[in-house]
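# Residue-level structure breakdown
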Amino acid sequence: MDKKSRNKILYLVTKSNWGGAQRYVYDLATHLPPDRYEVIVAGGGRGPLFEKLKKHKVKVIGIPSLGRDIGILKDVLSFWKLLRLFLSERPDVVHLNSSKAGVIGSLSAFVYKLITNNYKLKTIFTAHGWVFKEARPKIINLLFKIVSQTSTLFIDKIILIDKEDLNIAESFIPPRKLFLIPNGIEQIYFLSKEKAREKLEKMVTGGLSEKTVLIGTIAELTPNKGLDILIEALQRIRHQHSELNFQMIIIGEGSERKELEEKIKLLELTGIVSLPGFVPEASRLLKGLDIFVLPSTKEGLPYVILEALQAGLPIVASRVGGLPDLIEDGRNGLLIPAKDPQVLAKTLYRLIINPEDRKSLGLEASKTKLDLDKMINETLKVYL
């Protein structure tokens, strides 16, 4: 099929770092049939997402003014840059990802349609967790909800990746626009437990022995991940059970690093909690952990849980977003209330001292499957 006869898909994501929305864009952009689709990815900055896409020869376009924080001048500039991008590339489908890209991108696409009289352009939005669910003053979240609702007027189809966000969407968006398509992942080629443990040992400040129970997570260091709650829970365990031999490693980078480092020092956990930063292909190291924990206060359908399930790890996670879609409490993982360091401490302690519980939960976790091919095929149906 020649280039002109292919459908052109333009993906837009607010930031080009490496988080859930970026992983989603990457998987779609690199797995669409090249004989049927021409792919372009645009986003804020020049982060790891772009570097990974370039290796697959996917065209990337940076929009420096586009970012998560609200800034009137930058947002207006992003609007005009996107409009110019649409006019120059003339895509058949614009697929928007994350809240800021959804709002600015949908408005730019609407103006593009008016200017060109091209109403065949399809505008798709994937909600990776509604922005108005975050911890903010009620009046601010109400404003964000109104903005989100208004922007959906300019969007043709909306993809939800978890049931909770679908239920929320049904309260203010016509059902005909909504599609539930959970994330999926390919088979990961994990390092063996021994090799992964060796690599992780170099990142852990307190050192590891054969009897050390290694708890871990892979998360962006942001307030939504609840890592401050996790640190408080670990301090409780350390204070009440000083004889336990355990270590915690938090792999990832983000805006909360300084605050988390200060909290670790304040609670005297410097030799217990390690923050090695961003680690490329960190998921390959998962089998080196004994317990995986994700204490988020807000989530969509996180890839790290899909990866931890595939690795056969016992998982402790908050009962938020799409996590209950993936984890059946007591069978393939343990669900706890968000923002509760006491319950989190008790749950982690239970797994630290019970290797048989860890084994049984991990075995069931490894049986949980969400297929990437299904996700891609269902998304293509939305495009068509």
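Presented here is a report on the structure given in the accompanying data block.

What counts and how
Residues numbered from 1 in each chain as written. Predicted model: local features only at pLDDT ≥ 70, side-chain atom pairs only at ≥ 80, totals over all residues. Heavy atoms only, no water. Helix = DSSP H or I, 4+ residues; strand = E, 2+ residues; numbered from the N terminus. Rg over C-alpha atoms; globule rule 2.2 N^0.38 Å. Buried < 20%, exposed > 50% of the residue type's maximum accessible area, 1.4 Å probe, protein only. Core = buried A, V, L, I, M, F, W, Y, C linked by side-chain atoms within 4.5 Å. Contact = heavy atoms within 4.5 Å. Patch = residues over 30% accessible without salt bridge, like charges linked within 9 Å, V, L, I, M, F, W, Y side chains within 5 Å. Areas by Shrake-Rupley, 256 points an atom, 1.4 Å probe, with all protein chains shown as cover. Salt bridge = Lys/Arg side-chain N within 4 Å of Asp/Glu carboxyl O. Axes fitted to C-alpha atoms, helices over the stretch in contact; angles between N-to-C directions. Parallel < 35°, antiparallel > 145°, perpendicular 65-115°, else oblique. Nonpolar A, V, L, I, M, F, W, Y, C, P; charged D, E, K, R; others polar. Expected span 1.5 Å × (residues − 1). Arc of directions from axis to C-beta.

## Some thoughts on the overall build of the protein chain
- Each helix and strand in the protein chain was counted, giving 14 helices and 13 strands.
- Rg of the C-alpha trace for the protein chain: 21 Å, near the compact-globule value of 21 Å for 384 residues, within the 12% margin.
- Projected onto the principal axes, the alpha-carbon positions of the protein chain cover approximately 70 × 50 × 35 Å.
- Within the protein chain, buried positions represent 54% of all 384 residues.

## Points about the nonpolar core
- Core analysis: the biggest nonpolar cluster contains 66 residues, and Tyr11, Leu32, Val41, Leu53, Phe292, Ile305 and Tyr383 have the highest contact counts within it.
- Once you skip the residues sitting within four places of it in the chain, leucine 32 turns out to touch Ile9, Tyr11, Tyr37, Val39, Ile376, Leu380 and Tyr383.
- Judged by nonpolar contacts, the second largest core, of 33 residues, contains Ala42, Val94, Phe125 and Ala169.

## Topic: unusual backbone geometry
- Positive phi values are uncommon outside glycine, yet arginine 90 reaches one of about 50 degrees.
- Relative to the assigned elements, arginine 90 resides in the loop between helix H3 (72–89) and strand S4 (93–97).
- Classification of arginine 90 as partly exposed rests on a relative accessible area of 48%.
- One non-glycine residue, asparagine 117, adopts positive backbone phi at about 60 degrees.
- With respect to the helices and strands, the residue asparagine 117 is situated in the loop between helix H4 (99–116) and strand S5 (122–127).
- Relative accessible area serves as the criterion here: at 57%, asparagine 117 is assigned to the exposed category.

## Points about a nonpolar patch on the surface
- Together, Ile70, Ile72, Val76 and Trp80 make up an exposed nonpolar region whose accessible area comes to about 450 Å².
- The topology assignment puts isoleucine 72 in helix H3.
- Judged by its relative accessible area of 62%, isoleucine 72 falls in the exposed class.

## A word on the packing of helix H12 (residues 341–353) against helix H13 (residues 355–365)
- Running from amino to carboxyl end, H12 crosses H13 at an angle of 100 degrees, the nearest separation of the two axes being 5 Å. Taken together, the axis directions place H12 and H13 in an arrangement best described as roughly perpendicular. Residues Arg350, Leu351, Ile352 and Ile353 of H12 form the contact with H13, whose participating residues are Pro355, Asp357, Arg358 and Leu361.
- Across the contact of H12 with H13, the residue classes tally to five nonpolar, no polar and three charged.

## Some remarks on the environment of glutamate 194
- Within the secondary structure layout, glutamate 194 lies in helix H7 (residues 193–201).
- With 18 residues separating them in the primary sequence, glutamate 194 and arginine 176 have C-alpha atoms 50 Å apart.

## As for H3
- Relative to the 26 Å expected for 18 residues at 1.5 Å per residue, H3 spans 26 Å between its end C-alpha atoms, a close match to the ideal helical length.
- Turning to H3, its buried residues number three or more, namely Asp75, Ser78, Phe79, Leu82, Leu83, Leu85, Phe86 and Glu89. For H3, the arc enclosing every buried residue in end-on projection is 160 degrees, short of the 170-degree limit, so these residues lie on one face. More than 90 degrees from the buried face of H3, the exposed residues found are Leu73, Arg84 and Ser88.
- Considering only its buried residues, H3 is in contact with strand S1 (7–15), strand S2 (37–44), strand S3 (59–62), S4 and H4.
- Directly after H3, the chain includes arginine 90, whose backbone phi takes a positive value near 50 degrees.

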